[in-house]
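The chain contents come next:
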Amino acid sequence: MAEILCQTEPTPGARVAHVALQHAGKFNAMSRAMWRQLRAVFLDLQAQTQAADPLRCVVVQGVAGHFCAGGDIAEYPSFRFDAEALRTFHEEDVWGALSAMLACDCPVVAAIDGNCMGAGLEIASCCDIRIATTGSRYGAPIGKLGFPMAPREATLLAHTLGETCARSILFEAALYSAPDMLQRGFLTRTVADADALQADAERTAARICTLGPASLRMGKQTFRALHAAGRSAPVDPAVYAYADSPEHREGIAAFMEKRAPDF
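None of these values were measured; they are calculated from a predicted model. (Residues numbered from 1 in each chain as written. Predicted model: local features only at pLDDT ≥ 70, side-chain atom pairs only at ≥ 80, totals over all residues. Heavy atoms only, no water.)

1. A short note on the sheet that holds strand 6 (residues 129-133)
One open sheet accounts for six strands, arranged 1-2-3-4-6-9; its pairing is mixed. Edge strands, defined here as strands with exactly one partner in the open sheet, are strand 1 (2-8) and strand 9 (189-191). With strand direction ignored, the average angle separating the axes of adjacent strands in the sheet is 20 degrees. Relative to strand 1, helix 1 (residues 32-48) is tilted by about 15 degrees, and along the sheet it contacts strand 1, strand 2 (15-23), strand 3 (55-62) and strand 4 (108-112). (Pairing = 2+ DSSP bridges. Helix = DSSP H or I, 4+ residues; strand = E, 2+ residues; numbered from the N terminus. Axes fitted to C-alpha atoms, helices over the stretch in contact; angles between N-to-C directions. Contact = heavy atoms within 4.5 Å.)

What follows is the structure, given as C-alpha cells:
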C-alpha cells in the first residue's frame, strides 16, 4: 500500500508528530497520491503549530529499512509525456508537498535509513535536522531516465547539498554514502544502525520540546525568508516542453523494461 502515515503524540507541552513514508515493495517510492497526501499532512501540521498547545516537532522517516527510493516510475507513462500534465505534477503535486514542508513552523527532523534517492533527497532537504544510518545512500540518477530535475526542486537541492554536489548527483548520476554527505554538511550526524537512528530521533525530538516554541517558529520563519527567493521565482512553462521527446520516452521505457537506455 502506498500512503503517508501521520501520528501525533498528544503529550501536553511535548507534542511530536511522526510522519511515515510507506510504499510496500518499492522502497517507499513516492506516488502522485502520496505527494498529495504529504501536502495535506503538512498543511494540517502547520495549523497545529498555531494551537494553544502547539506542535513542537515533526519526525519524518520511511518504513521497512528505507527512507524513500525516489518517484514511483511505474506511474510515469500515464502523465509524463504530456507537457501540461508534467507541469501539473511538478508544480502542484511535488512542489505543493515540498513547499508545505518548508512552510512548517516547527522543527522537522529526518530519520534516514537505506535508500534516499530523488524524491527522498528532496523530502529530506525540506527537513531542518537530518540524522542517518552510516549505511544509507543518496543520489538522484534521473539522467538515466532521460529527464532533468524540475527548477524549484533543483534549486532546493543546490541549497541543501551545495551546487557542486548537486551538479555531480544530477550530471553524472553520482551516488553518495552517509559519510560523504556528513562531510559535505547535508547530514547533521550519523548513527550506526536503525535502532540507534530511532533512539537518536526520539532524543532529538525530546530536546526540541524543551525549547521555546515561539522562538523556534520565528527562527523557522527567518530561515525561510532568507532562502525563498530562488524557489519562488516564476517557472517558464517551456521547461516542461521535453515531455513528448524521444529521449524522455526512451529513458522511462528502458527503466520499465529493465534494460539500458539507448540515448
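There is more to say, and it comes next.
2. Notes on the sheet that holds strand 5 (residues 115-117)
The strand order across the open sheet built from three strands is 5-7-8, with neighbouring strands paired in mixed fashion. Two strands close off the open sheet at either side, each with one partner strand: strand 5 and strand 8 (176-177). Here strand 5 runs beside strand 7 (residues 137-139); their pairing, made up of three bridges, is parallel. The residue of strand 7 that forms the bridge with Asn 115 is Arg 137.

3. Brief notes about the packing of aromatic side chains
Aromatic ring pairs are described here by two measures, namely the spacing of the ring centres and the angle between the planes. Under the criterion given, the structure shown has five aromatic pairs. Look at Tyr 76 and Phe 79: their rings are 5.8 Å apart centre to centre, the planes differ by 75 degrees, and that puts the pair in the edge-to-face class. Each member of the pair Tyr 76 and Phe 79 is classed as buried. Measuring from ring centre to ring centre gives 4.7 Å for Phe 79 and Phe 89, while their planes differ by 45 degrees; the resulting arrangement is tilted. (Phe/Tyr/Trp six-rings, centres within 6.5 Å; stacked < 30°, edge-to-face > 60°. Buried < 20%, exposed > 50% of the residue type's maximum accessible area, 1.4 Å probe, protein only.)

4. Re unusual backbone geometry
Even without being glycine, Asn 28 reaches a positive phi, approximately 65 degrees. Within the secondary structure layout, Asn 28 lies in the loop between strand 2 and helix 1. One non-glycine residue, Ala 173, lies in the positive phi region at around 50 degrees. Along the chain, the position of Ala 173 falls in the loop between helix 5 (163-171) and strand 8.

5. Overview of the pattern of salt bridges
Summed over all chains, the structure comprises 14 salt bridges. Here Glu 92 makes a salt bridge to Arg 87, at a shortest N to O gap of 3.2 Å. On the basis of relative accessibility, which here comes to 23%, the residue Arg 87 falls in the partly exposed class. A salt bridge links Asp 200 to Arg 203, with the nearest nitrogen and oxygen atoms 4.0 Å apart. You can see Asp 200 and its partner Arg 203 sitting in helix 7 (residues 194-209), three residues apart, about one turn around the helix. (Salt bridge = Lys/Arg side-chain N within 4 Å of Asp/Glu carboxyl O.)

6. Quick look at helix 7
Helix length check: helix 7 (16 residues) gives 23 Å between terminal C-alpha atoms against 22 Å at 1.5 Å per residue, within 8%. All buried positions along helix 7 are accounted for by Leu 197, Asp 200, Ala 201, Thr 204, Ala 205, Ile 208 and Cys 209. Where helix 7 begins, the capping side chain belongs to Asp 193, and its oxygen is found 3.3 Å from the backbone nitrogen of Asp 195. (Expected span 1.5 Å × (residues − 1). Polar contact = N/O pair within 3.5 Å; in protein donor to acceptor, adjacent residues only side chain to side chain.)

7. Considerations on the pairing of strand 6
Taking burial as the measure, the five residues of strand 6 include four buried ones, the bulk of the element. Bridge count for strand 4 against strand 6 is four bridges, and the pairing is parallel. Residue pairing across strands places Ala 111 opposite Ile 131, the latter belonging to strand 6. Sheet topology places strand 6 next to strand 9; three bridges connect them, and they run parallel.

8. Details of the environment of Pro 246
As for its placement among the helices and strands, Pro 246 is situated in helix 9 (residues 246-256). Its relative accessible area of 67% is what places Pro 246 among the exposed residues. Here the alpha-carbon distance between Pro 246 and Ala 206, two residues 40 residues apart in the chain, equals 51 Å.

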